[in-house]
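Spelled out from the first residue to the last, the chains are:
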Amino acid sequence: MKTMLTIALALALLLAVGYWVLPQFRGALTTFILVACSLACPLSMLFMMRGMRWGAEKPNRLDETAREQKS
C-alpha cells in the first residue's frame, strides 16, 4: 500500500510539473490525465478481482475448522 501511494504521488507530481514546464504539451497532457483518471477505477477493480480469484483456489482454513466442529 505504501509503495502504491508513493508511485501514485510521484506520477501525479511528474504530470503536474510537466503541465507547467512544457506548455507546448498541455493539450496532450490534459487528454492523458483525463483518460488516466477515467480508467483508474475500472482498471483497479479488474486487478483487484483478479487477485481475489487466486485466493478462491486455496482452501480456507476457517471452512475446514467449521466442518471439523460439525462432525
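Keep in mind that what you see is a predicted model, and the values were worked out from it rather than measured.

**Here's the deal with the packing of aromatic side chains**
Part 1: For the structure on display, the rule yields one aromatic pair.
Part 2: Between the aromatic rings of Tyr-19 and Trp-20, the centroid separation amounts to 5.6 Å while the plane-to-plane angle is 90 degrees, which identifies the pairing as edge-to-face.
Part 3: Residue classification places Tyr-19 among the partly exposed residues on the basis of a relative accessible area of 27%.

**Here we look at the confidence of the model for the chain**
Part 1: Of all residues in the chain, 73% have pLDDT values of 70 or greater, and the mean over the chain is 78.
Part 2: Put simply, helix α3 (residues 61-70) is where the chain has its lowest mean pLDDT, 61, and helix α1 (residues 2-21) is where it has its highest, 87.

**So, α1**
Part 1: Look at α1: 28 Å from first C-alpha to last across 20 residues, which is about the 28 Å you get at 1.5 Å a residue.
Part 2: Taken across its 20 residues, α1 has two buried, putting it largely on the surface.

**Digging into a nonpolar patch on the surface**
Part 1: Together, Leu-13, Val-17, Val-21, Leu-22 and Phe-25 make up a nonpolar patch on the protein surface, roughly 460 Å² of accessible area in all.
Part 2: Of note, Val-21 is situated in helix α1.
Part 3: Overall, Val-21 belongs to the exposed group, its relative accessible area being 56%.

Reading the values: the criteria
- Residues numbered from 1 in each chain as written.
- Predicted model: local features only at pLDDT ≥ 70, side-chain atom pairs only at ≥ 80, totals over all residues.
- Heavy atoms only, no water.
- Phe/Tyr/Trp six-rings, centres within 6.5 Å; stacked < 30°, edge-to-face > 60°.
- Buried < 20%, exposed > 50% of the residue type's maximum accessible area, 1.4 Å probe, protein only.
- pLDDT = per-residue confidence, 0-100.
- Helix = DSSP H or I, 4+ residues; strand = E, 2+ residues; numbered from the N terminus.
- Expected span 1.5 Å × (residues − 1).
- Patch = residues over 30% accessible without salt bridge, like charges linked within 9 Å, V, L, I, M, F, W, Y side chains within 5 Å.
- Areas by Shrake-Rupley, 256 points an atom, 1.4 Å probe, with all protein chains shown as cover.
- Salt bridge = Lys/Arg side-chain N within 4 Å of Asp/Glu carboxyl O.

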